[in-house]
Amino acid sequence: MSWNCWLLPVLSRADTPRVPDAVKRPAPPGCPRPAAFPGKSARRLAWLASLILLALLVSCGPDPGFYARVETLMAAGDHAQAYEMVQLNRTSYSKRERLLYHLDLGLTAHYGGLYEKSNENLEKAEQLGEELYTKSFTAQSASFLINDYLLAYRGEDFERALIHLFKSLNYLKLGKVEDALVEARQVDSRLQTLNASHPDDQKNVYREDALIRFIMGLVYESEGKLEDAVIDYAKSEEVFQDYRRHYGTVWPQFLLENLLTAADGAGRRDLLEEYQQRYPRVVLLPYQHKKDLAEVVVVHYSGRSPVKVGVTFPVAVEENVVLQVAIPTYQKQPRSGEAARITLQNVAGGNPQVFETELMEDVEAIAITNLQNRLMRMTAKAIARVTAQYFLIKTTAEKVRQEYGEEAAQNYQLMMSGLAQMISQPDLRSCRSLPAEIRVGCALLVPGEYDVQAALPGRAAPLSLGQIKLEAGKKEFILLRSLE
Amino acid sequence: MTRYPFCISLLFCVAAALTGPGCRTGPDVQRTDPAMVVDYSGRWNDTDAQLVARAMTEDCLVRPWIEDFKASHGGQKPVVVVGQIRNNSHEHINTEVFTTSFERELLNSSRVRVVAESQLRADIREERRNIQANSDPETIKKFGKEIGADFILLGVVSTIKDEVEGRYAIYYQSNFELIHIETNEKVWIGEHKIKKDIKRKAWKL
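Keep in mind that what you see is a predicted model, and the values were worked out from it rather than measured.

J.: Please explain the sheet that holds strand 5 (residues 186-199) of chain B as it appears in this structure.
T.: Here 5 strands make up an open sheet; going across it, the order is 2-1-3-4-5 (chain B) and the pairing mixed. Strands at the two margins of the open sheet, each flanked by one partner only, are strand 2 (113-115) and strand 5 of chain B. In this sheet, neighbouring strand axes are inclined to one another by 25° on average, regardless of whether the strands run parallel or antiparallel. The strands touched by helix 10 (residues 177-196) of chain A are strand 1 (79-88) and strand 3 (151-164) of chain B; relative to strand 1 of chain B, the strand with the most contacts, the crossing angle is about 35°. Running at roughly 150° to strand 5 of chain B, helix 2 (residues 46-62) of chain B makes contact with strand 4 (167-180) and strand 5 of chain B of the sheet.

J.: Explanation requested: the layout of surface pockets in the structure shown.
T.: Where empty space is left in the structure can be found by rolling a water-sized probe over the atoms. All names here are of chain A. In this model, the largest pocket occupies a volume close to 1,600 Å³. What lines the largest pocket is a set of 50 residues, and nearest its centre among them are L132, Q140, L151, A152 and R154. Top contributing element to the lining of the largest pocket by residue count: helix 17 (residues 375-404), with 5 residues. The class makeup of the residues in the lining of the largest pocket is 21 nonpolar, 9 polar and 20 charged.

J.: Honestly, the pattern of salt bridges in this entry has me stumped. Any pointers?
T.: It is possible for side chains bearing opposite charge to pair when their charged atoms get close. All told, the structure shown has 49 salt bridges over all chains when counted by the stated rule. Among the ionic pairs, B:E191 bridges to B:K193, the shortest N-O distance being 3.4 Å. Taking relative accessible area as the criterion, B:E191 reaches 45% and is therefore assigned partly exposed. One connected set of salt bridges, linked through shared partners, spans A:E123, A:E126, A:E130, A:K167, A:E183, A:R190, B:R43 and B:R200.

J.: Sorry if this is basic, but what is going on with the sheet that holds strand 7 (residues 358-361) of chain A here?
T.: Neighbouring strands of a sheet are bound in pairs by backbone hydrogen bonds; such pairs are parallel or else antiparallel. Residue and element names in this part refer to chain A. The strand order across the open sheet built from 4 strands is 7-8-2-11, with neighbouring strands paired in mixed fashion. Each end of this open sheet is capped by a strand with a single partner; those strands are strand 7 and strand 11 (475-482). On average, adjacent strands in this sheet sit at an angle of 30° to one another, irrespective of strand direction.

J.: Explain the packing of aromatic side chains to me, please; I cannot follow it from the model alone.
T.: Here a ring pair, both rings aromatic, is described through the centre-centre distance and the interplanar angle of the planes. Counted by the stated rule, this structure contains 21 aromatic pairs over all chains. Ring geometry for A:F214 versus A:Y233: centroids 5.8 Å apart, planes at 45°, classification tilted. With A:F214 in helix 11 (residues 210-222) and A:Y233 in helix 12 (residues 226-247), the pair connects residues that are 19 residues apart, well separated along the chain. A:Y233 matches A:F214 in its accessibility class, with the two residues each being buried. Lying over the aromatic face of B:F143, B:R128 brings its terminal NZ or CZ to 5.3 Å of the ring centre.

J.: I would appreciate a short explanation of the side chain of A:S168 in the present structure.
T.: All names here are of chain A. Tracing the backbone through its elements, the reader meets S168 in helix 9 (residues 157-173). Within the structure, S168 has its side chain in polar contact with the backbone oxygen of A180 (distance 2.8 Å). Residues contacting S168, with those up to four places away along its chain left out, are A180, E183, A184 and I212.

J.: Whenever I open this one, the side chain of B:H180 confuses me. Can you help?
T.: Residue and element names in this part refer to chain B. By the secondary structure assignment, H180 is in strand 4. Look at H180 and you get buried, because its relative accessible area is 12%. Within the structure, H180 has its side chain in polar contact with the backbone nitrogen of T183 (distance 3.2 Å). Among all residues touching H180, those that are not within four sequence positions of it are F69, D150, F151 and E185.

J.: What am I meant to see in the pairing of strand 11 of chain A here?
T.: Two faces make up the sheet, and in a regular strand the side chains alternate between them. All names here are of chain A. Of all 8 residues that make up strand 11, 7 are buried, and the element is covered over most of its length. Of the strand pairs in this sheet, strand 2 (residues 294-302) and strand 11 are connected by 8 bridges, and their pairing is parallel. Counted as the bridge partner of Y301 is R481 from strand 11.

J.: Would you take a moment to explain helix 14 (residues 269-278) of chain A for this structure?
T.: Along an α-helix, residues three or four positions apart point the same way, because every turn accommodates 3.6 residues. Residue and element names in this part refer to chain A. Among all positions in helix 14, only L271, L272 and Y275 are buried. Down the axis, helix 14 shows its buried residues gathered within 100° of arc, on one side only. Where helix 14 is buried, its residues contact helix 12 and helix 13 (253-265).

J.: Before we go on, may I ask you to explain the pairing of strand 4 (residues 321-331) of chain A in this structure?
T.: Residue and element names in this part refer to chain A. Relative to strand 4, strand 3 (residues 307-318) runs antiparallel, the two sharing 11 bridges. From the neighbouring strand, V309 faces strand 4, where its bridge partner is T329. Joining the antiparallel neighbours strand 3 and strand 4 is a turn of 2 residues, in which N320 adopts a positive phi near 65°.

J.: Which parts of the structure should I look at to understand the nonpolar core?
T.: The tendency in soluble globular proteins is for nonpolar side chains to be buried as a group. Formed by 88 residues in total, the largest nonpolar core has its most connected members in A:F158, A:L169, A:Y206 and A:F214. Discounting chain neighbours no more than four positions away, the residues touching A:Y206 are A:F158, A:A161, A:L162, A:L191, A:Y243, A:Y247, A:E361 and A:I366. Residues B:L61, B:V80, B:F98 and B:L106 belong to the second largest nonpolar core, which totals 29 residues.

J.: Is there a simple way to think about the packing of helix 8 (residues 137-145) of chain A against helix 17 of chain A in this case?
T.: Between two packed helices, both the angle of their axes relative to each other and the distance between the axes serve to describe the pair. All names here are of chain A. Running from N to C, helix 8 and helix 17 point in directions that differ by 75°, and their axes come no closer than 7 Å. Classified by the interaxial angle, the pair formed by helix 8 and helix 17 is roughly perpendicular. Contacts between helix 8 and helix 17 involve Q140, S143, F144 and L145 on the former and, on the latter, K381, A384, R385, A388, Q389 and L392.

The rules we used
Residues numbered from 1 in each chain as written. Chains lettered and ligands numbered in written order. Predicted model: local features only at pLDDT ≥ 70, side-chain atom pairs only at ≥ 80, totals over all residues. Heavy atoms only, no water. Pairing = 2+ DSSP bridges. Helix = DSSP H or I, 4+ residues; strand = E, 2+ residues; numbered from the N terminus. Axes fitted to C-alpha atoms, helices over the stretch in contact; angles between N-to-C directions. Contact = heavy atoms within 4.5 Å. 1 Å grid on protein atoms, 1.4 Å probe; cavity = no way out; pocket = protein on both sides within 12 Å on 5 of 7 lines; lining within 4 Å. Points joined across faces, edges and corners; volume = space filled by probe spheres on them. Nonpolar A, V, L, I, M, F, W, Y, C, P; charged D, E, K, R; others polar. Salt bridge = Lys/Arg side-chain N within 4 Å of Asp/Glu carboxyl O. Buried < 20%, exposed > 50% of the residue type's maximum accessible area, 1.4 Å probe, protein only. Phe/Tyr/Trp six-rings, centres within 6.5 Å; stacked < 30°, edge-to-face > 60°. Lys NZ or Arg CZ within 6 Å of the ring centre and 35° of its normal. Polar contact = N/O pair within 3.5 Å; in protein donor to acceptor, adjacent residues only side chain to side chain. Arc of directions from axis to C-beta. Core = buried A, V, L, I, M, F, W, Y, C linked by side-chain atoms within 4.5 Å. Parallel < 35°, antiparallel > 145°, perpendicular 65-115°, else oblique.

Next comes the structure, spelled out in structure tokens:
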């Protein structure tokens, strides 16, 4: 409803009885000028109050209290309840935030192990993102004057790409390997498509995803398609060069180990030698040995994604006229950066195997960089909006001055400027269910049945994850969510 | 003074009417002819599956592998089983839709015998096991009477996608192969290509 804030003053003028001609005429010398906007001052105040109220009702996604409650449930490990809470609070999301609603549902369902439900919602979010390519002329025009909350939330580029990553993991957990690969292929395809739509000097640096390539490598390796596995592990290593440069994330050791083993299994001596020269400290586990072992892959979603806050800066729209322009920026949330510690105990006996998760996808850094990459686009629009509002108010104030005199014009300008400032909010919508980082841990074990325990950051006691059965040459994916 | 604000109000009223909630209360459902081509998203759909199934069966049945087999096996019809059709594409494709059509056309041609695929065979064996324990002895079906297939149908669907936001071209290539189970000899390779150019509207009112 945000545009109503703008509309109402003008609509009210049309609806209220016309001002008597006597009032419009200049007051005779010596007589006091009639009050600006004739009518009782109480009525004027009520009118102004309603404007402010309406301006404050600008839809800006679910309130922070709602997210705090969802996060409390997630921190307690009650992800299914968090999913239900999002579902029960559907009305907290406006119709322009349907993508956000399905994204929140899809992610909470994913963390809660409701993989089918997660896929249904992430699919809807993906479709909405595609449908929103077609822009509404009216909404775009209105958003130019009012604010971006008038536009349906289409998702940040990285949010839309990550939809496929989560879907891919859902399919893996459902045992649908081909479907998992379909989604995995979509991650880079989506990133390339979104990036192609931006001007050359404003491209995202998040062009490819290293984590999804690593997961594809794992899937191909477990399917025995070692040539494909080598390609994806190598691609992941390549994308990590970008990750290191832009986000400071370095490749984990197990990626390089898997790359060497897959190259060995595929008979790619050339690649094996090349990577051994590049990483002389990485020890090769021959494929003949590895295929008799099972691999446990722990995907650990840790922390809270950054939230958007508004920052203002002054812009001179006219000589001696400086206005404040607000744009969104990401604010980091407290983050421990601690690993999850996994313990696997073979039920047949022996020493437990303990390993930790390592940072593979710094979602927080990707989000911040992604927003910075479109800073120029956002800033230009925000400046244009404030300038347009200023000149519109100035022109209408001039009309008020002609009709009602200086005092009325000043009142009008003051009120409308305040209102304009109030409604020119930066778009602070973002997906709050995403983690700050995605960590991964890998361990090779002899086939058998294992008891699994995970010590997660922010939880005092280790979490028992039950028993898993490991088969030679197969990969077992374990998904964990922690909020400190 | 009133004209200016009025114009602005009118502009925003129009915007409100156009962007406001719709009045639809329920889905609008219409039965359509299954053969009718309906494309909404541009993704793989029933029409594509039907096109592939039809093209593949037509090609498979006119090739000489059936007659060659009969000639070398005393006039016996070849027995075919449908194996895995891999999806190497960018989309979720239910390959069962066209493998079932493929089986049906082979059967209806009366020139080939078709046996159940592996998952169905497992289900049937379970049922046979159940029969052994619970059925009238005269109606019990024996183990070891299954017909072994001569050929297995394997295939793959791949895509090449070229995309910019709002427009994409996608090329689907379906390759089916009939392979002699004993000798690994490929007796037929079918190929079907579909290319689509999908464009989204950039603007609406």
